[in-house]
Amino acid sequence: DTGYFTYDPGFMSTAATKSAVTFIDGDQGVLLYRGYPIEQLAKHSNFLEVAYLLINGELPGAGEFEKFEHDVTHHTMMRESLKNFFQGFHYDAHPMAMCMAAVGSLAAFYHDSLDINDPAQRKLAAIRLIAKMPTIAAAAYRYSIGWPIRYPRNNLEYCSRFLHMMFEVPSEPLQMNPVAAKALDLLFILHADHEQNASTSTVRLVGSTGANPYACVAAGIAALWGPAHGGANEAVLKMLAEIGDAKNVGKAVERAKDKNSGFRLMGFGHRVYKNFDPRATIIREMCHKVLGELGVKDPLLDVAMELEQAALKDPYFVERKLYPNVDFYSGIIYKALGIPTEMFTVMFAIARTAGWVAHWLEQHETPDAKIGRPRQIYTGAPTRDYVPADKR
Ligand code: SDX
């Protein structure tokens, strides 16, 4: 009651969004993509098959995956003039800023030709976005290190193609690393969708106005960049590097408990999971396996493990059900794959594009979808009369 008028809580309750794409049980630590447990998809599937599942609602049957993969592969190139787009940035522009702008600019190429009421054209736009995100992401990285932007190689599968565009050295053939491509594919599966998280809700809100999908995904990239959301994976590595050594972990935990410190354990806590984030469990195991297979020894992994153990034993974190989330270990694997820290959230955006476009398509296929128009609880001044300047 603001003294202005009393709100009827029932009136102010916002109906939750209906969606059939992903299910999360935060108390049980359950995550299902179209009914399939994330653990099974992580073990048996691949990112493009998961993207097909999220978009179409079913795993691809005979020939369906091959057609989907062909369609994605043949939309990986970006318009040549888009390469000049990157020249407009300072070399040290953050790659998330470049990706957000470049994806938004796809609307300039495809907006007029896109009949948003045609399901086939909506599906094509979704495929274009899944196909072009790695090309745009790699272009942003190559521009930032002053190297020539590389064309996608259609003879490579999705993750190998991305790694080739990222790391191919013009003067010598790239040694493809199957361990790196497989690890990346698994990380992309784990990051592909996550119900109504902030960036997906942003895509749905923008999409509800009838805006084109390129503008919707650009808005999703903007929301994902925040350190409380997708930007956390970059923030975790910075935090671990700042802690520096396992012996400093106790101090970091105490700092994170001090409300006035402004310091939080990045990669810990979640709006929904009040139990382990099932993705974090998979990524933690993956960390050891991938670093072992790559022969990488990263002292930050020891710091991360020590920090996790210390926090999981501390009543402050236990009482608040603060567990490691998807971002806690992922950066250590990205680092082992040679991905620079400022590209970590871009990796998240590549994977989450599958979820974003699945939700965007679902919204258009849901006849009763209305324009997103959240209500508010007014806490401002009551009605009052204007005061002339000489009377103030
Ligand atoms: C992602 O929504 C999604 O699904 C997101 C995501 C996805 O796949 O899309 O899962 C990806 O964004 C994961 C989250 C990545 N962000 C971080 O790791 C940043 C650090 N985490 C926090 O900022 C925080 O935990 C949030 C934002 C993730 C969740 O915040 P909540 O649920 O709103 O928790 P809260 O802010 O209400 O905190 C509850 C209590 C508070 O203390 P009290 O006021 O009760 O005393 O826990 C404390 C907070 O101060 N707390 C933390 C903490 N997170 C919460 N204290 C120290 N370190 C932390 N990380």
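So, a few notes on the structure that sits alongside this text. Remember, it's a predicted structure, so these values are computed and weren't measured experimentally.

Calculation notes
- Residues numbered from 1 in each chain as written.
- Predicted model: local features only at pLDDT ≥ 70, side-chain atom pairs only at ≥ 80, totals over all residues.
- Heavy atoms only, no water.
- Helix = DSSP H or I, 4+ residues; strand = E, 2+ residues; numbered from the N terminus.
- Rg over C-alpha atoms; globule rule 2.2 N^0.38 Å.
- Contact = heavy atoms within 4.5 Å.
- Areas by Shrake-Rupley, 256 points an atom, 1.4 Å probe, with all protein chains shown as cover.
- Near = heavy atom within 4 Å.
- Polar contact = N/O pair within 3.5 Å; in protein donor to acceptor, adjacent residues only side chain to side chain.
- Nonpolar A, V, L, I, M, F, W, Y, C, P; charged D, E, K, R; others polar.
- Axes fitted to C-alpha atoms, helices over the stretch in contact; angles between N-to-C directions.
- Parallel < 35°, antiparallel > 145°, perpendicular 65-115°, else oblique.
- 1 Å grid on protein atoms, 1.4 Å probe; cavity = no way out; pocket = protein on both sides within 12 Å on 5 of 7 lines; lining within 4 Å.
- Points joined across faces, edges and corners; volume = space filled by probe spheres on them.
- Phe/Tyr/Trp six-rings, centres within 6.5 Å; stacked < 30°, edge-to-face > 60°.
- Buried < 20%, exposed > 50% of the residue type's maximum accessible area, 1.4 Å probe, protein only.
- Core = buried A, V, L, I, M, F, W, Y, C linked by side-chain atoms within 4.5 Å.
- Pairing = 2+ DSSP bridges.

Notes on the overall build of the protein chain
A tally of regular secondary structure across the protein chain gives 18 helices and three strands. Since a compact globule built from 392 residues should have a radius of gyration of about 21 Å, the 22 Å found for the protein chain is in line with a globular shape. Dimensions of the protein chain, computed from C-alpha atoms along their principal axes, come out at roughly 75 × 60 × 50 Å. For the protein chain, the share of sequence-separated contacts (at least 6 apart) that also reach a separation of at least 24 residues comes to 75%. Just so you have it, the protein chain exposes about 18700 Å², and 55% of that area is on carbon and sulfur atoms.

Quick word on the site of the ligand
Neighbouring residues of the ligand: 26 residues in total, closest His194, Arg264, His270, Arg271 and Arg279. A distance of 3.3 Å separates an oxygen atom of the ligand from a polar side-chain atom of Lys274. Looking at the shell around the ligand, the elements with two or more residues in it are helix 16 (315-319) and helix 18 (344-365). Residues belonging to the shell around the ligand are distributed by class as follows: eleven nonpolar, seven polar and eight charged.

What about the packing of helix 17 (residues 327-336) against helix 18?
Across the interface, helix 17 lies against helix 18 with an axial gap of 10 Å and an inter-helix angle of 105 degrees. Relative to helix 18, helix 17 is oriented roughly perpendicular. Packed against helix 17, whose contacting residues are Asp327, Gly331, Tyr334 and Lys335, the element helix 18 presents Phe344, Met347 and Phe348 at the interface. Grouping the constituent residues of the contact of helix 17 with helix 18 by class yields four nonpolar, one polar and two charged.

A few points about empty space enclosed by the protein
Overall, the coordinates contain one cavity of 30 Å³ or more when judged by the stated rule. The calculated volume of the largest cavity comes to roughly 60 Å³. Grouping the constituent residues of the lining of the largest cavity by class yields five nonpolar, one polar and two charged.

Details of the packing of aromatic side chains
Counting across every chain of the model gives 14 aromatic pairs. On the numbers, 5.4 Å between centres and 65 degrees between planes, the contact of Phe47 with Phe188 is edge-to-face. Separated by 141 residues along the polypeptide, Phe47 in helix 3 (residues 47-56) and Phe188 in helix 9 (residues 178-191) bring together distant segments of the chain. Of the two residues, Phe47 and Phe188, neither departs from the other in class, the shared state being buried. Ring centres 5.5 Å apart and planes at 40 degrees place the aromatic pair Tyr334 and Phe344 in the tilted group.

Considerations on unusual backbone geometry
For residues that are not glycine, phi is negative in most cases, and the peptide bond is trans in most cases. Positive phi is not limited to glycine here, since Arg34 has a value of about 50 degrees. Looking at the element boundaries, Arg34 is found in the loop between strand 2 (30-33) and strand 3 (36-37). In this structure, Glu195 is a non-glycine residue whose phi angle is positive, near 65 degrees. Note on placement: Glu195 falls in the loop between helix 9 and helix 10 (198-207). According to the relative accessible area criterion, Glu195 is partly exposed, its value standing at 24%.

Let's talk about the nonpolar core
By size, the foremost hydrophobic cluster in this structure holds 124 residues, and its most contacted members are Phe86, Phe162 and Met239. Top element by residues in this core is helix 7 (residues 119-144). It accounts for 14 residues.

Focus on the side chain of His191
Position of His191 among the secondary structure elements: in helix 9. By relative accessible area, His191 is classed as buried at 0%. Among residues more than four places away in sequence, those in contact with His191 are Tyr33, Ile283, Val326, Ser330, Tyr334, Phe348, Ala351 and Arg352.

A look at the sheet that holds strand 1 (residues 22-25)
Two pairing modes exist for strands in a sheet, parallel and antiparallel, and in both the strands are linked by backbone hydrogen bonds. Judged by pairing direction, the sheet is antiparallel, and its three strands sit side by side in the order 1-2-3 without closing on themselves. Looking along the sheet, the strands with just one partner apiece sit at the ends: strand 1 and strand 3. As paired elements, strand 1 and strand 2 share four bridges and run antiparallel to each other. Residue pairing across strands places Phe23 opposite Leu32, the latter belonging to strand 2.

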